[in-house]
Amino acid sequence: MIKWVLLIVSIVLLSACADKKSKLELFNQDLIFASEQVDSISSIAAEIKRIPRTLTPEGEVHWANQNFDWTEGFFSGTLWYLYKFTKDEKWKKRALILQNTYQQHRFFTNNHDLGFVFNCSYGNAYKYNIDDSSKQILIDAANSLNTRFNANVGCIQSWDVDAGWQAKRGWQFPVIIDNMMNLELLFKVSEITGNSKYKKIAIEHANTTLENHFRDDNSSFHVIDYNPDTGEVRSKQTAQGYANNSAWARGQAWGLYGYTVCYRFTNDPKYLQQAELIANFIFNDENFPQDYIPYWDYDAPNISNQPRDVSAAAIIASALIELNEYTSKDYSEKAKGILKELSSDKYRAMLGHENGFILKHSVGSIPHNNEIDVPLNYADYYYVEALMRLLGLD
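Residues numbered from 1 in each chain as written. Predicted model: local features only at pLDDT ≥ 70, side-chain atom pairs only at ≥ 80, totals over all residues. Heavy atoms only, no water.

Student: I keep staring at the sheet that holds strand S5 (residues 174-176) and nothing clicks. Help me out?
Tutor: Hydrogen bonding along the main chain pairs the strands of a sheet, whether they run parallel or antiparallel. Judged by pairing direction, the sheet is antiparallel, and its 3 strands sit side by side in the order S5-S6-S7 without closing on themselves. Because the sheet does not close on itself, it has two edges, and the strands there are S5 and strand S7 (233-237). Neighbour-to-neighbour, the strand axes of this sheet turn through a mean angle of 20°, independent of strand direction. Here helix H8 (residues 197-212) sits on the sheet in contact with S5, strand S6 (223-226) and S7, set at roughly 105° to S6. (Pairing = 2+ DSSP bridges. Helix = DSSP H or I, 4+ residues; strand = E, 2+ residues; numbered from the N terminus. Axes fitted to C-alpha atoms, helices over the stretch in contact; angles between N-to-C directions. Contact = heavy atoms within 4.5 Å.)

Here it is, written out as C-alpha coordinates:
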(Lines give C-alpha, C1' and ligand atoms only; values in the text may rest on other atoms or scores of the structure.)
Protein backbone atom coordinates (compact mmCIF):
# COMPACT_ATOMS: atom_id res chain seq x y z
CA MET A 1 0.00 0.00 0.00
CA ILE A 2 2.80 2.43 0.92
CA LYS A 3 4.53 1.73 -2.39
CA TRP A 4 1.32 2.50 -4.29
CA VAL A 5 0.84 5.78 -2.36
CA LEU A 6 4.43 6.81 -3.07
CA LEU A 7 3.99 5.96 -6.74
CA ILE A 8 0.82 8.04 -7.00
CA VAL A 9 2.46 10.98 -5.21
CA SER A 10 5.46 10.76 -7.54
CA ILE A 11 3.22 10.75 -10.60
CA VAL A 12 1.29 13.77 -9.34
CA LEU A 13 4.49 15.68 -8.60
CA LEU A 14 6.01 14.86 -11.97
CA SER A 15 2.81 15.87 -13.70
CA ALA A 16 2.73 19.18 -11.82
CA CYS A 17 6.38 19.88 -12.71
CA ALA A 18 5.74 19.08 -16.36
CA ASP A 19 2.70 21.34 -16.39
CA LYS A 20 4.68 24.18 -14.82
CA LYS A 21 7.48 23.72 -17.34
CA SER A 22 4.96 23.72 -20.19
CA LYS A 23 3.41 26.97 -18.98
CA LEU A 24 6.80 28.65 -18.59
CA GLU A 25 7.73 27.54 -22.10
CA LEU A 26 4.99 29.83 -23.39
CA PHE A 27 6.73 32.80 -21.78
CA ASN A 28 10.04 31.60 -23.22
CA GLN A 29 8.40 31.72 -26.64
CA ASP A 30 7.32 35.29 -25.91
CA LEU A 31 10.96 36.25 -25.43
CA ILE A 32 11.88 34.53 -28.68
CA PHE A 33 9.15 36.56 -30.38
CA ALA A 34 10.52 39.76 -28.80
CA SER A 35 14.02 39.07 -30.12
CA GLU A 36 12.66 38.44 -33.62
CA GLN A 37 10.45 41.54 -33.52
CA VAL A 38 13.18 43.92 -32.34
CA ASP A 39 15.91 42.58 -34.65
CA SER A 40 15.32 44.79 -37.68
CA ILE A 41 14.62 48.10 -35.90
CA SER A 42 17.60 47.62 -33.57
CA SER A 43 19.87 47.03 -36.57
CA ILE A 44 18.62 50.23 -38.21
CA ALA A 45 18.89 52.15 -34.94
CA ALA A 46 22.48 51.08 -34.40
CA GLU A 47 23.38 51.98 -37.98
CA ILE A 48 21.99 55.54 -37.75
CA LYS A 49 22.70 55.87 -34.02
CA ARG A 50 19.18 56.89 -33.11
CA ILE A 51 16.89 55.43 -30.45
CA PRO A 52 13.28 54.49 -31.30
CA ARG A 53 10.82 55.99 -28.82
CA THR A 54 7.37 55.45 -30.36
CA LEU A 55 5.45 55.70 -33.64
CA THR A 56 4.01 58.78 -35.29
CA PRO A 57 0.29 58.89 -36.22
CA GLU A 58 1.42 57.84 -39.71
CA GLY A 59 3.10 54.74 -38.30
CA GLU A 60 6.66 55.97 -38.79
CA VAL A 61 9.34 55.64 -36.10
CA HIS A 62 9.58 58.64 -33.81
CA TRP A 63 13.17 58.78 -32.61
CA ALA A 64 14.20 59.97 -29.15
CA ASN A 65 15.46 63.54 -28.78
CA GLN A 66 19.24 63.46 -29.11
CA ASN A 67 19.72 66.41 -26.76
CA PHE A 68 18.06 64.50 -23.93
CA ASP A 69 15.08 62.21 -23.69
CA TRP A 70 13.87 60.55 -20.52
CA THR A 71 13.14 57.40 -22.57
CA GLU A 72 16.56 57.13 -24.22
CA GLY A 73 17.84 54.34 -21.94
CA PHE A 74 15.01 51.85 -22.32
CA PHE A 75 15.78 50.52 -25.79
CA SER A 76 19.41 49.77 -24.95
CA GLY A 77 18.20 48.12 -21.75
CA THR A 78 15.88 45.88 -23.76
CA LEU A 79 18.80 44.87 -25.97
CA TRP A 80 20.83 43.89 -22.90
CA TYR A 81 18.00 41.62 -21.79
CA LEU A 82 17.88 40.03 -25.24
CA TYR A 83 21.64 39.54 -25.13
CA LYS A 84 21.31 37.81 -21.77
CA PHE A 85 18.50 35.65 -23.16
CA THR A 86 20.02 34.68 -26.51
CA LYS A 87 23.80 35.08 -25.93
CA ASP A 88 23.90 36.52 -29.47
CA GLU A 89 26.70 39.10 -29.74
CA LYS A 90 24.67 41.34 -32.07
CA TRP A 91 22.55 42.54 -29.16
CA LYS A 92 25.65 43.50 -27.17
CA LYS A 93 27.13 45.35 -30.13
CA ARG A 94 23.94 47.31 -30.79
CA ALA A 95 23.36 48.14 -27.13
CA LEU A 96 26.88 49.52 -26.76
CA ILE A 97 26.53 51.68 -29.88
CA LEU A 98 23.20 53.13 -28.80
CA GLN A 99 23.97 53.84 -25.15
CA ASN A 100 27.19 55.56 -26.20
CA THR A 101 25.05 58.17 -27.98
CA TYR A 102 23.82 59.55 -24.65
CA GLN A 103 26.78 58.72 -22.42
CA GLN A 104 27.60 62.39 -21.80
CA HIS A 105 24.11 63.00 -20.46
CA ARG A 106 25.29 61.51 -17.17
CA PHE A 107 26.60 64.95 -16.29
CA PHE A 108 23.24 66.67 -16.80
CA THR A 109 21.91 68.14 -13.56
CA ASN A 110 18.72 69.72 -14.91
CA ASN A 111 16.67 66.53 -15.03
CA HIS A 112 15.69 63.85 -12.53
CA ASP A 113 15.34 61.07 -15.08
CA LEU A 114 18.98 59.99 -14.94
CA GLY A 115 17.93 56.87 -13.05
CA PHE A 116 15.62 55.80 -15.86
CA VAL A 117 18.23 56.58 -18.49
CA PHE A 118 21.33 55.05 -16.94
CA ASN A 119 20.08 52.35 -14.60
CA CYS A 120 18.02 50.68 -17.33
CA SER A 121 20.90 50.65 -19.81
CA TYR A 122 24.33 50.93 -18.20
CA GLY A 123 22.87 49.37 -15.07
CA ASN A 124 22.00 46.23 -17.03
CA ALA A 125 25.43 46.21 -18.66
CA TYR A 126 27.03 46.46 -15.21
CA LYS A 127 24.76 43.73 -13.80
CA TYR A 128 25.83 41.35 -16.55
CA ASN A 129 29.53 42.36 -16.30
CA ILE A 130 29.57 43.39 -19.94
CA ASP A 131 30.84 46.97 -20.19
CA ASP A 132 33.85 48.02 -18.09
CA SER A 133 32.91 51.70 -18.36
CA SER A 134 29.47 51.16 -16.82
CA LYS A 135 30.63 51.48 -13.21
CA GLN A 136 32.00 55.00 -13.52
CA ILE A 137 29.13 56.12 -15.72
CA LEU A 138 26.61 55.00 -13.10
CA ILE A 139 28.58 56.83 -10.39
CA ASP A 140 28.69 60.03 -12.45
CA ALA A 141 24.94 59.85 -13.14
CA ALA A 142 24.20 59.32 -9.44
CA ASN A 143 26.35 62.31 -8.51
CA SER A 144 24.42 64.45 -10.98
CA LEU A 145 21.10 63.18 -9.62
CA ASN A 146 22.19 63.96 -6.06
CA THR A 147 22.53 67.66 -6.93
CA ARG A 148 18.74 67.81 -7.20
CA PHE A 149 18.22 66.71 -3.61
CA ASN A 150 16.93 69.34 -1.17
CA ALA A 151 17.45 68.52 2.50
CA ASN A 152 14.68 70.94 3.56
CA VAL A 153 12.18 68.98 1.52
CA GLY A 154 13.76 65.56 1.85
CA CYS A 155 13.31 64.86 -1.86
CA ILE A 156 14.95 65.00 -5.25
CA GLN A 157 13.31 67.68 -7.39
CA SER A 158 11.61 66.27 -10.45
CA TRP A 159 11.16 69.10 -12.94
CA ASP A 160 12.79 72.48 -13.17
CA VAL A 161 10.15 75.20 -13.18
CA ASP A 162 11.85 78.04 -15.02
CA ALA A 163 10.85 77.01 -18.56
CA GLY A 164 8.39 74.97 -20.59
CA TRP A 165 4.90 73.95 -19.57
CA GLN A 166 6.13 73.29 -16.01
CA ALA A 167 6.82 77.00 -15.57
CA LYS A 168 3.12 77.73 -16.11
CA ARG A 169 1.89 75.60 -13.20
CA GLY A 170 3.04 77.81 -10.34
CA TRP A 171 5.20 75.07 -8.82
CA GLN A 172 8.29 75.74 -6.72
CA PHE A 173 9.65 72.24 -6.04
CA PRO A 174 7.57 69.58 -7.83
CA VAL A 175 8.12 65.92 -7.00
CA ILE A 176 6.36 63.27 -9.07
CA ILE A 177 5.66 59.67 -8.12
CA ASP A 178 7.73 58.64 -11.15
CA ASN A 179 10.80 59.78 -9.25
CA MET A 180 10.63 56.63 -7.12
CA MET A 181 12.04 54.83 -10.15
CA ASN A 182 15.26 56.86 -10.08
CA LEU A 183 16.16 55.68 -6.59
CA GLU A 184 17.45 52.29 -7.76
CA LEU A 185 20.41 54.07 -9.35
CA LEU A 186 21.32 55.62 -5.99
CA PHE A 187 20.96 52.34 -4.11
CA LYS A 188 23.18 50.56 -6.64
CA VAL A 189 25.86 53.23 -6.62
CA SER A 190 25.93 53.16 -2.84
CA GLU A 191 26.75 49.45 -3.10
CA ILE A 192 29.29 50.01 -5.87
CA THR A 193 31.19 52.74 -4.04
CA GLY A 194 30.62 51.73 -0.43
CA ASN A 195 29.48 55.32 0.16
CA SER A 196 26.22 55.53 2.09
CA LYS A 197 25.36 59.07 0.97
CA TYR A 198 23.52 57.81 -2.12
CA LYS A 199 21.45 55.33 -0.14
CA LYS A 200 20.63 57.94 2.51
CA ILE A 201 19.22 60.29 -0.12
CA ALA A 202 17.20 57.48 -1.68
CA ILE A 203 15.75 56.51 1.70
CA GLU A 204 14.89 60.09 2.63
CA HIS A 205 13.16 60.62 -0.71
CA ALA A 206 11.22 57.36 -0.31
CA ASN A 207 10.14 58.29 3.23
CA THR A 208 9.00 61.80 2.27
CA THR A 209 7.07 60.39 -0.68
CA LEU A 210 5.51 57.77 1.57
CA GLU A 211 4.32 60.50 3.92
CA ASN A 212 2.85 62.87 1.34
CA HIS A 213 2.03 61.15 -1.93
CA PHE A 214 -0.53 58.58 -0.86
CA ARG A 215 -4.23 58.86 -0.11
CA ASP A 216 -6.13 56.84 2.46
CA ASP A 217 -6.94 54.18 -0.15
CA ASN A 218 -3.19 53.95 -1.05
CA SER A 219 -3.60 55.42 -4.49
CA SER A 220 -1.07 58.16 -5.18
CA PHE A 221 -1.14 61.73 -6.32
CA HIS A 222 1.04 62.43 -9.33
CA VAL A 223 2.68 65.71 -8.29
CA ILE A 224 3.42 67.08 -4.83
CA ASP A 225 4.73 70.64 -4.87
CA TYR A 226 6.87 71.65 -1.88
CA ASN A 227 8.18 74.89 -0.48
CA PRO A 228 11.94 74.47 -1.10
CA ASP A 229 12.82 76.56 1.97
CA THR A 230 10.51 75.00 4.56
CA GLY A 231 9.64 71.62 3.07
CA GLU A 232 5.92 72.29 3.50
CA VAL A 233 3.49 70.82 0.99
CA ARG A 234 2.09 73.59 -1.22
CA SER A 235 -0.26 71.52 -3.39
CA LYS A 236 -1.17 68.02 -4.55
CA GLN A 237 -1.90 67.86 -8.27
CA THR A 238 -1.53 65.91 -11.48
CA ALA A 239 0.25 66.55 -14.74
CA GLN A 240 -0.52 63.42 -16.75
CA GLY A 241 -3.60 62.09 -14.98
CA TYR A 242 -7.27 62.93 -15.46
CA ALA A 243 -7.62 65.12 -12.35
CA ASN A 244 -5.72 66.10 -9.24
CA ASN A 245 -7.60 63.53 -7.16
CA SER A 246 -7.63 60.75 -9.73
CA ALA A 247 -5.44 57.65 -9.88
CA TRP A 248 -3.23 57.93 -12.95
CA ALA A 249 -2.51 54.34 -13.96
CA ARG A 250 1.19 54.56 -14.69
CA GLY A 251 1.71 56.54 -11.50
CA GLN A 252 0.30 53.67 -9.46
CA ALA A 253 2.65 51.31 -11.31
CA TRP A 254 5.69 53.52 -10.61
CA GLY A 255 4.85 53.51 -6.91
CA LEU A 256 4.44 49.74 -6.77
CA TYR A 257 7.73 49.14 -8.54
CA GLY A 258 9.58 51.85 -6.62
CA TYR A 259 8.71 50.63 -3.13
CA THR A 260 9.45 47.04 -4.10
CA VAL A 261 12.94 48.19 -5.10
CA CYS A 262 13.30 50.10 -1.83
CA TYR A 263 12.55 46.95 0.11
CA ARG A 264 15.11 45.01 -1.92
CA PHE A 265 17.89 47.37 -0.87
CA THR A 266 16.84 48.09 2.72
CA ASN A 267 14.70 45.21 4.03
CA ASP A 268 12.60 47.91 5.70
CA PRO A 269 9.15 46.39 6.27
CA LYS A 270 7.33 49.68 5.73
CA TYR A 271 8.40 49.62 2.08
CA LEU A 272 7.18 46.06 1.64
CA GLN A 273 3.90 46.99 3.29
CA GLN A 274 3.47 49.99 1.01
CA ALA A 275 4.10 47.92 -2.09
CA GLU A 276 1.48 45.42 -0.92
CA LEU A 277 -0.99 48.21 -0.19
CA ILE A 278 -0.50 49.71 -3.66
CA ALA A 279 -1.00 46.30 -5.25
CA ASN A 280 -4.17 45.89 -3.21
CA PHE A 281 -5.46 49.23 -4.46
CA ILE A 282 -4.66 48.41 -8.07
CA PHE A 283 -6.43 45.05 -8.16
CA ASN A 284 -9.39 46.05 -6.03
CA ASP A 285 -10.28 49.33 -7.68
CA GLU A 286 -13.77 49.07 -9.13
CA ASN A 287 -12.54 50.29 -12.52
CA PHE A 288 -9.65 47.85 -12.85
CA PRO A 289 -10.45 45.66 -15.90
CA GLN A 290 -10.87 41.91 -15.72
CA ASP A 291 -8.09 41.42 -18.27
CA TYR A 292 -5.61 43.27 -15.99
CA ILE A 293 -4.70 45.95 -18.55
CA PRO A 294 -5.64 49.25 -16.86
CA TYR A 295 -7.30 52.24 -18.39
CA TRP A 296 -4.93 55.21 -18.52
CA ASP A 297 -6.57 56.68 -15.38
CA TYR A 298 -8.74 54.71 -12.99
CA ASP A 299 -11.08 57.67 -12.50
CA ALA A 300 -11.46 58.94 -16.06
CA PRO A 301 -15.11 59.46 -17.12
CA ASN A 302 -16.88 56.89 -19.31
CA ILE A 303 -14.17 54.51 -18.27
CA SER A 304 -15.07 51.69 -20.66
CA ASN A 305 -14.42 54.02 -23.59
CA GLN A 306 -11.05 55.23 -22.34
CA PRO A 307 -7.68 54.09 -23.78
CA ARG A 308 -5.82 51.31 -22.02
CA ASP A 309 -2.24 51.86 -20.92
CA VAL A 310 -0.19 48.79 -21.72
CA SER A 311 2.93 50.46 -20.30
CA ALA A 312 1.32 50.57 -16.85
CA ALA A 313 0.42 46.89 -17.12
CA ALA A 314 3.96 45.89 -18.07
CA ILE A 315 5.44 47.84 -15.14
CA ILE A 316 2.95 46.25 -12.74
CA ALA A 317 3.76 42.76 -14.01
CA SER A 318 7.50 43.23 -13.57
CA ALA A 319 7.06 44.72 -10.11
CA LEU A 320 4.74 41.91 -8.97
CA ILE A 321 7.22 39.23 -9.98
CA GLU A 322 9.87 40.77 -7.74
CA LEU A 323 7.41 41.58 -4.96
CA ASN A 324 6.34 37.95 -4.96
CA GLU A 325 9.85 37.00 -3.80
CA TYR A 326 9.53 39.05 -0.60
CA THR A 327 5.99 38.54 0.61
CA SER A 328 3.78 35.77 1.92
CA LYS A 329 1.09 36.92 -0.50
CA ASP A 330 0.96 35.27 -3.91
CA TYR A 331 1.12 37.67 -6.84
CA SER A 332 2.44 35.16 -9.36
CA GLU A 333 -0.89 34.37 -11.01
CA LYS A 334 -1.72 38.04 -11.42
CA ALA A 335 1.67 38.71 -12.99
CA LYS A 336 1.27 35.76 -15.33
CA GLY A 337 -2.25 36.88 -16.16
CA ILE A 338 -1.00 40.30 -17.18
CA LEU A 339 1.78 38.83 -19.31
CA LYS A 340 -0.61 36.43 -21.04
CA GLU A 341 -2.86 39.35 -21.98
CA LEU A 342 0.08 41.47 -23.14
CA SER A 343 1.23 38.56 -25.30
CA SER A 344 -2.17 38.21 -26.96
CA ASP A 345 -3.02 39.55 -30.41
CA LYS A 346 -5.03 42.30 -28.75
CA TYR A 347 -2.03 43.98 -27.17
CA ARG A 348 1.04 42.60 -28.91
CA ALA A 349 2.11 43.51 -32.43
CA MET A 350 2.15 40.97 -35.20
CA LEU A 351 5.64 39.88 -36.16
CA GLY A 352 7.12 42.44 -38.53
CA HIS A 353 4.46 45.06 -37.81
CA GLU A 354 4.50 48.28 -35.73
CA ASN A 355 8.01 49.03 -37.02
CA GLY A 356 9.60 46.62 -34.58
CA PHE A 357 7.86 47.69 -31.38
CA ILE A 358 6.56 44.77 -29.35
CA LEU A 359 3.45 46.08 -27.61
CA LYS A 360 0.58 48.24 -28.84
CA HIS A 361 -1.87 50.50 -27.00
CA SER A 362 0.17 52.52 -24.52
CA VAL A 363 -0.47 56.08 -23.38
CA GLY A 364 2.11 58.78 -22.81
CA SER A 365 0.11 61.81 -21.67
CA ILE A 366 -3.50 62.45 -22.59
CA PRO A 367 -3.60 65.93 -20.98
CA HIS A 368 -0.71 66.90 -23.27
CA ASN A 369 -2.33 65.13 -26.25
CA ASN A 370 0.91 63.23 -26.64
CA GLU A 371 1.58 59.57 -27.48
CA ILE A 372 -1.96 58.25 -27.17
CA ASP A 373 -2.68 54.61 -28.05
CA VAL A 374 0.77 53.94 -29.49
CA PRO A 375 3.73 51.65 -28.86
CA LEU A 376 6.28 53.01 -26.37
CA ASN A 377 9.83 51.82 -25.81
CA TYR A 378 9.41 51.70 -22.03
CA ALA A 379 6.34 49.46 -22.32
CA ASP A 380 8.49 47.03 -24.31
CA TYR A 381 11.31 47.31 -21.77
CA TYR A 382 9.23 46.37 -18.75
CA TYR A 383 7.44 43.64 -20.70
CA VAL A 384 10.75 42.00 -21.61
CA GLU A 385 12.04 42.55 -18.07
CA ALA A 386 8.96 40.88 -16.62
CA LEU A 387 9.41 37.86 -18.89
CA MET A 388 13.08 37.61 -17.92
CA ARG A 389 12.20 37.80 -14.24
CA LEU A 390 9.47 35.22 -14.54
CA LEU A 391 11.89 32.78 -16.14
CA GLY A 392 14.63 33.57 -13.62
CA LEU A 393 16.93 35.00 -16.28
CA ASP A 394 17.32 38.61 -15.18
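Student: Looking at this model, I keep getting lost on the packing of H8 against helix H9 (residues 249-266). Mind explaining?
Tutor: Helices that pack against each other are described as a pair by the angle of their axes relative to one another and the distance between those axes. Viewed as axis vectors pointing N to C, H8 and H9 meet at an angle of 135°, and their least axial separation amounts to 11 Å. Compared by their axis directions, H8 and H9 come out oblique. As H8 runs across H9, the sense of the crossing is left-handed. Where H8 abuts H9, its residues Lys 199, Ile 203, Ala 206, Thr 209 and Leu 210 lie against Tyr 259, Cys 262, Phe 265 and Thr 266. (Parallel < 35°, antiparallel > 145°, perpendicular 65-115°, else oblique. Left-handed = near helix turned anticlockwise from the far one by under 90°.)

Student: For this particular structure, what's the right way to read the packing of aromatic side chains?
Tutor: Working definition: an aromatic ring pair is given by the centre-to-centre distance plus the angle between the planes. Tallying each qualifying case throughout the model produces 29 aromatic pairs. Judged by centre distance (6.0 Å) and plane angle (70°), the rings of Trp 254 and Tyr 382 are edge-to-face. Of the two residues, Trp 254 sits in helix H9 while Tyr 382 sits in helix H13 (residues 377-390), which places them 128 residues apart along the sequence. Trp 254 sits in the buried class, given a relative accessible area of 0%. (Phe/Tyr/Trp six-rings, centres within 6.5 Å; stacked < 30°, edge-to-face > 60°. Buried < 20%, exposed > 50% of the residue type's maximum accessible area, 1.4 Å probe, protein only.)

Student: So what exactly am I meant to see when it comes to empty space enclosed by the protein here?
Tutor: Vacant regions in the atomic arrangement are exposed by a probe of water-molecule size rolled over the atoms. Enumeration according to the criterion identifies 1 cavity of 30 Å³ or more in this entry. By volume, the largest cavity is sized at about 60 Å³. Val 38, Ile 41, Pro 52, Phe 75, Thr 78, Asn 355, Gly 356, Phe 357, Asn 377 and Asp 380 are the residues that line the largest cavity. Looking at the lining of the largest cavity, the elements with two or more residues in it are helix H1 (2-48), helix H2 (74-86) and H13. Counted by class, the lining of the largest cavity contains 5 nonpolar, 4 polar and 1 charged residues. (1 Å grid on protein atoms, 1.4 Å probe; cavity = no way out; pocket = protein on both sides within 12 Å on 5 of 7 lines; lining within 4 Å. Points joined across faces, edges and corners; volume = space filled by probe spheres on them. Nonpolar A, V, L, I, M, F, W, Y, C, P; charged D, E, K, R; others polar.)

Student: Can you walk me through the layout of surface pockets in this structure?
Tutor: Reported here for the largest pocket is a volume of approximately 840 Å³. Lining the largest pocket are 32 residues, with Trp 70, Asp 113, Trp 159, Trp 165 and Gln 166 sitting closest to its centre. Listing elements by their share of the lining of the largest pocket, those giving two or more residues are H9, strand S8 (362-365) and strand S9 (370-374). Class assignment of the residues belonging to the lining of the largest pocket gives a composition of 10 nonpolar, 14 polar and 8 charged. The computed volume of the second largest pocket comes to approximately 330 Å³. Lining the second largest pocket are 24 residues, with Lys 127, Glu 184, Lys 188, Arg 264 and Arg 389 positioned closest to its centre. Only helix H4 (114-119), helix H5 (122-127), helix H7 (183-193), H9 and H13 provide two or more residues apiece to the lining of the second largest pocket.

Student: Explanation requested: the nonpolar core in the structure shown.
Tutor: For soluble globular proteins, nonpolar side chains are generally found buried alongside one another. Among the nonpolar cores identified, the biggest contains 116 residues, and Leu 256, Leu 320, Leu 339, Leu 342 and Tyr 382 are the most heavily contacted of them. By residue number, the principal contributor to this core is helix H11 (residues 310-323), which donates 11 residues. In contact with Tyr 382, not counting residues within four places along its chain, are Phe 74, Phe 116, Cys 120, Met 181, Trp 254, Tyr 257, Ala 314, Ile 315 and Ser 318. Ranked by size, the runner-up nonpolar core spans 7 residues in total, among them Val 153, Cys 155, Phe 221 and Tyr 226. (Core = buried A, V, L, I, M, F, W, Y, C linked by side-chain atoms within 4.5 Å.)

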